[in-house]
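Commentary on secondary and tertiary structure
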Amino acid sequence: MRVDVDPEAVGRRDFYALLNSVVVPRPIAWVSTRSAAGVLNLAPHSFFTVSCVQPPMVQFTSVGRKDSLNNVEATGEFVVNFAAESLYEQVNASGTNFPPEVSEFEASG
């Protein structure tokens, strides 16, 4: 059965929840970046994928303007890391909205 959903009618929060439920299981990319000032950033991103095979490329989507996106725009670089289940608490901690001058590597242990 086809269901049409109007994002404007549903509302942003509900539409985001709907999008999150479309692809499951959805692995989390633990994206690390470095700011132009040299501050290390680490953040979980649930929207990422392979975007090309030749040349090999991956991409992630920043929901809102976050340090990860700002850093990638400034430096042109990021690394997608995969965390072991034992790092669950650190992954969650790195998703906190720290100020840009704080390194999530240090803050999340």
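Note that the structure is a prediction, hence the values are computed from the model and not measured.

Glancing now at the confidence of the model for the chain. Across the chain, the average pLDDT comes to 91, with 100% of residues at 70 or higher. No element of the chain has a lower mean pLDDT than helix α2 (residues 12–22), at 85, and none a higher one than helix α3 (residues 67–75), at 97.

A few words now on the pairing of strand β1 (residues 29–34). For β1, the buried fraction is high: 5 of the 6 residues fall into the buried class. Alignment of β1 against strand β2 (residues 40–45), held across 6 bridges, turns out to be antiparallel. Bridging from a neighbouring strand, Ser32 pairs with Leu42 of β2. Here β1 hands over to β2 after 5 residues, with Gly38 in that stretch at a positive phi of 95 degrees. Bridging between β1 and strand β5 (residues 79–81) involves 3 bridges; their strand directions are antiparallel. Note on β5: the bridge partner recorded for Ser32 is Val79.

As a further point, take α3. Listing the buried residues of α3 in full gives Asp67, Ser68, Asn71 and Val72. Taken around the axis of α3, the buried residues stretch over an arc of 130 degrees, which confines them to a single face. For α3, exposure combined with an orientation more than 90 degrees from the buried face picks out Glu73 and Ala74. Immediately beyond the C-terminal end of α3, within one or two residues, lies Gly76, with a positive phi of roughly 80 degrees.

Thresholds, definitions, all that
- Residues numbered from 1 in each chain as written.
- Predicted model: local features only at pLDDT ≥ 70, side-chain atom pairs only at ≥ 80, totals over all residues.
- Heavy atoms only, no water.
- pLDDT = per-residue confidence, 0-100.
- Helix = DSSP H or I, 4+ residues; strand = E, 2+ residues; numbered from the N terminus.
- Buried < 20%, exposed > 50% of the residue type's maximum accessible area, 1.4 Å probe, protein only.
- Pairing = 2+ DSSP bridges.
- Arc of directions from axis to C-beta.

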